[in-house]
Amino acid sequence: MPGSIRDKKLNSHLERGIPPLLRTSSYTSLPIPNLSPTHNISNNTSIFLDKYSSSEDDDSDDDKNEYLQMIKKGKAELEPSIHDTRDEGTADNWIERNFSLIRLAGKHPFNSEPPLARLMHHGFITPVPLHYVCNHGPVPKASWDDWTVEVTGLVKRPMRFTMDQLVNEFPSRELPVTLVCAGNRRKEQNMVKQTIGFNWGAAAVSTNVWRGVPLRALLKRCGVYRKKKGALNVCFEGADVLPGGGGSKYGTSIKKEFAMDPSRDIIVAYMQNGEMLTPDHGFPVRMIIPGFIGGRMVKWLKRIVVTTQESQSYYHYKDNRVLPAHVDAELANTEGWWYKPECIINELNINSVITMPCHRDILPLTTPRPYTLRGYAYSGGGKKVTRVEVTMDGGDTWRLCTLVHPERPTKYGKYWCWCFWSLEVEVLDLLSAKEIAVRAWDVTQNTQPENLVWNVMGMMNNCWFRVKTNVCKPHKGEIGIVFEHPTQPGDQTGGWMGNPRG
């Protein structure tokens, strides 16, 4: 019998590229936690992360452990996750969660994002307990030993794989990938006109180091039929039962040519940040599709089905679509807009956000040195963000920001992660500005629109991110500049879009 994940040394691979100010030293291992009531793992078992070199040149020994050190640092700085009292009386009452996560959709199902300042404090690699979560129903209680993934449909050799088989019988790929919910920044749209979605803020974005089996390796093992025999789509089905009864499961699909494309780095993932997946993130196995929206990355994966038609799952059609601005929920139903292929979202669009200053930060005018604006940016489909610009005069002039890409490109030239921008500005320039706005560009010259374009699902909002400024008197005899972000996530109040001035 092949060894299990518990007794096999996993020679994982990590890419270099952390900027020097984030680098730390020596290599250590991270223990695998006990993640499931039905799956106990010895506390002294370790999974090792080592480098992945995506080019012909190997990284040096000094560089190969940078991601690992960032993961360790993030873990050390976090308070323990807990059984949250807010989960009492729900099917998720057995899951430990970080208390600081901002809940967006009421008590259940669990949908949350971290406070933006906490997310940015950790930089490139997000600690798993702070990774945003989007669940559509109760989290399945899973056992590693009993779990299988079935590959069926238009394949020559339908098969069912155990978790140990996925770990031991296939090549693995490990790489950092930024996940983004298509609803990131939705609350801005809801402040203009209510969508049918809840209030995501600007922190529905996170980056982990993911490891798993290349999807194409699984499909090749099973012998996928050609297009002429009808093999056009690859459907993914999870184990999570959707609300409303009927036993339906969350599912979606992608085109077969995406699934078989080695440059897309699609994996059936069983590890994040060097440890097994946590329950909220799909334990024991999930899809990771770099450059796509999070809604295509099915968690608690049970079935992969090669088909002619797209997935028939409810959420494949009634979620993750951008409909024209004139289409409301009623019109979408009566005119069949949910089923129009041109409205589906797969790859992410270009986006950027100002994260520093934080909402309601106050900058004293007596500050003796320039102030540094900061933020993040990302694009989809592996496209590199090539430029980020800031305007403080409504777009008449733009200042070029400094960009840091903590990842190296893959051997196919793809960028799967967010990047970070900064710009030094004089305090007097901030004093004369009514607002600060940012926009990003990618390698295909896509950029962000100036104004928000509303859609009924509140998806893919990527207009300029604007922070308003006001003069204030925080203390007697002191004058400062107070900054306002457009919104605050969930049901939190605050933000210039809720003010008459906004």
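It should be emphasised that the depicted structure is a prediction, and the values quoted were computed from it without experimental measurement.

For the rest of this paragraph, the subject is the overall build of the protein chain. Helix and strand counts for the protein chain come out as 9 helices and 27 strands. Residue burial in the protein chain is summarised as follows: out of 502 residues, 59% are buried. In the protein chain, 70% of the contacts between residues at least 6 apart in sequence involve partners at least 24 apart. With the model as given, the accessible surface of the protein chain reaches about 20700 Å², and the carbon-plus-sulfur share is 51%.

The strand order across the open sheet formed by 4 strands is β18-β20-β24-β23, and the pairing between neighbours is antiparallel. Each edge of the open sheet is held by one strand with a lone partner, namely β18 (351–356) and β23 (402–404). Each strand axis lies, on average, 25° off the axis of its neighbour in the sheet, ignoring direction. Here 3 bridges tie β23 to strand β24 (residues 419–425), and the two strands are oriented antiparallel to one another. Bridge pairing in β24 places Thr402 opposite Ser422.

With that settled, consider helix α5 (residues 215–222). The periodicity of an α-helix, 3.6 residues per turn, causes residues three or four places apart in sequence to face the same way. For α5, every residue scored as buried is listed here: Leu215, Ala217, Leu218, Leu219 and Cys222. With its phi angle positive at about 75°, Gly223 sits one or two positions after the end of α5.

This part is about the sheet that holds strand β19 (residues 362–364). Pairing is antiparallel in the open sheet, where 6 strands are placed in the order β19-β27-β26-β25-β21-β22. Among the strands making up the open sheet, the edge pair consists of β19 and β22 (399–400).

Cis geometry marks the peptide bond from Phe283 to Pro284, where omega comes out at 10°. Take Pro284: it is sitting in the loop between β15 (275–276) and β16 (286–288). Met356 connects to Pro357 through a cis peptide bond whose omega is 15°. Among the secondary structure elements, Pro357 is positioned in the loop between β18 and β19. For Arg185, which is not glycine, the phi torsion reads 70° and is therefore positive. Structurally, the position occupied by Arg185 is in the loop between β10 (173–180) and α4 (186–192). Its identity is not glycine, yet Asp265 carries a phi of approximately 55°, on the positive side. Topologically, Asp265 is positioned in the loop between α6 (256–259) and β14 (267–272).

One finds Leu166, Leu215, Leu219, Phe236, Leu301 and Ile304 to be the most contacted residues of the largest nonpolar core, which totals 61 residues. Excluding residues within four positions of it along the chain, Leu301 makes contact with Trp147, Thr148, Val149, Phe236, Glu237, Gly238, Val268, Val285, Arg286 and Met287. If you look at the next biggest cluster of nonpolar residues, it comprises 59 residues, including Ala203, Cys343, Tyr371 and Ala377.

Of all 8 residues that make up strand β25 (residues 435–442), 8 are buried, and the element is covered over most of its length. What you see with β25 is no split at all: Glu435, Ala437, Arg439 and Trp441 on one side and Ile436, Val438, Ala440 and Asp442 on the other are buried throughout. Of the pairings in the sheet, the one linking strand β21 (residues 385–391) to β25 comprises 6 bridges and is antiparallel in character. When the bridges of β25 are listed, Val388 appears paired with Ala440. By the bridge criterion, 4 bridges tie β25 to strand β26 (residues 465–472) in an arrangement that is antiparallel. Paired with Val438 across the two strands is Phe465, which belongs to β26.

With that settled, consider the pattern of salt bridges. For the structure shown, the criterion picks out 25 salt bridges. One salt bridge in this structure joins Asp84 and Arg103, with 3.3 Å as the shortest N-O distance. Of this pair, Asp84 sits in the loop between β3 (82–83) and β4 (96–97) while Arg103 sits in strand β5 (residues 102–103), and the two are 19 residues apart along the sequence. Exposure class is identical for Asp84 and Arg103. Each is buried.

Let us now look at a nonpolar patch on the surface. A cluster of nonpolar side chains, contributed by Leu428, Leu431, Val471 and Ile479, occupies part of the molecular surface with about 360 Å² of accessible area. By the element assignment, Val471 lies in strand β26.

What follows is about the packing of aromatic side chains. With the rule as written, the count across this model stands at 13 aromatic pairs. Connected via pairs of aromatic rings, a cluster forms that spans Tyr376, Tyr378, Trp418 and Phe420. Its guanidinium or amino end placed over the ring of Trp337, Lys340 lies 4.8 Å from that ring's centre, counting from NZ or CZ.

On to the side chain of Asn462. Take Asn462: it is sitting in the loop between β25 and β26. With near-sequence residues (within four places) excluded, Asn462 lies in contact with Arg185, Asn349, Ile350, Asn351, Gln448 and Pro449.

Residues of the protein chain with pLDDT of at least 70 account for 86%, and the chain-wide mean is 88. Long-range and interchain partners of residues 1–64, a stretch whose pLDDT sits below 50, account for 157 contacts in this model, where long-range means more than four residues apart.

Let us look at the side chain of Glu150. Among the secondary structure elements, Glu150 is positioned in strand β8 (residues 148–153). Overall, the relative accessible area of 18% leaves Glu150 in the buried class. Here Arg303 takes part through its side chain, which lies 3.2 Å from a polar atom of the side chain of Glu150. Setting aside anything within four residues of it in sequence, one finds Glu150 in contact with Met159, Arg160, Lys302, Arg303 and Ile304.

On to the environment of Ala231. Examined against the element boundaries, Ala231 turns out to sit in the loop between α5 and β12 (233–241). In sequence terms Ala231 and Val155 are 76 residues apart; their C-alpha atoms lie 8.4 Å from each other. The contact partners of Ala231, leaving out residues within four places of it in the chain, are Leu154, Val224, Tyr225, Arg226, Lys256, Val306 and Thr307.

The rules behind these values
Here, residues in each chain are numbered from 1, in the same order as that chain's written sequence. With pLDDT at 70 or above as the cut-off, local features in this predicted model cover only qualifying residues; side-chain atom pairs require 80 or more to be listed or tallied, and sums for whole chains, interfaces and linings still use all residues. The side-chain values count all of the structure's non-hydrogen atoms but skip hydrogen atoms and water molecules. The secondary structure listing takes helices from DSSP runs of H or I that are at least 4 residues long and strands from runs of E that are at least 2 residues long, numbered from the N terminus. Here the term buried applies to any residue with accessible area under 20% of the maximum for its type, exposed to any over 50%, and partly exposed to those in between, with areas from a 1.4 Å probe on protein chains only. In what follows, a contact means two residues having at least one pair of non-hydrogen atoms within 4.5 Å. A 1.4 Å probe and the Shrake-Rupley method give the accessible areas. Residues count as covered only by the protein chains that appear here. Pairing between two strands requires that DSSP report at least two bridges joining them. For helices, the fitted line uses only the C-alpha atoms of the stretch in contact; every axis is such a line through C-alpha atoms, and the angle between N-to-C directions lies from 0 to 180 degrees. Here, nonpolar core means buried Ala, Val, Leu, Ile, Met, Phe, Trp, Tyr and Cys residues that are tied together by side-chain atoms lying within 4.5 Å of each other. Salt bridges, as used here, are contacts in which a Lys or Arg side-chain nitrogen is within 4 Å of a carboxyl oxygen on Asp or Glu. Each patch is built from residues that are more than 30% exposed by relative accessible area and take part in no salt bridge. Like charges join if they lie within 9 Å; nonpolar side chains (Val, Leu, Ile, Met, Phe, Trp, Tyr) join within 5 Å. When the centres of two rings from Phe, Tyr and Trp lie within 6.5 Å, Trp using its six-membered ring, the rings pair. Their planes under 30 degrees apart give stacked, over 60 give edge-to-face, and anything left gives tilted. Only Lys NZ and Arg CZ are tested; either one counts as a charge over a ring when it is within 6 Å of the ring centre and within 35 degrees of the ring normal. One number per residue, pLDDT, summarises how confident the predictor is, and it ranges from 0 to 100. Polar contacts here mean pairs of N or O atoms no more than 3.5 Å apart (in protein, one a potential hydrogen donor and the other a potential acceptor; neighbouring residues in sequence count only if both atoms are side-chain atoms).

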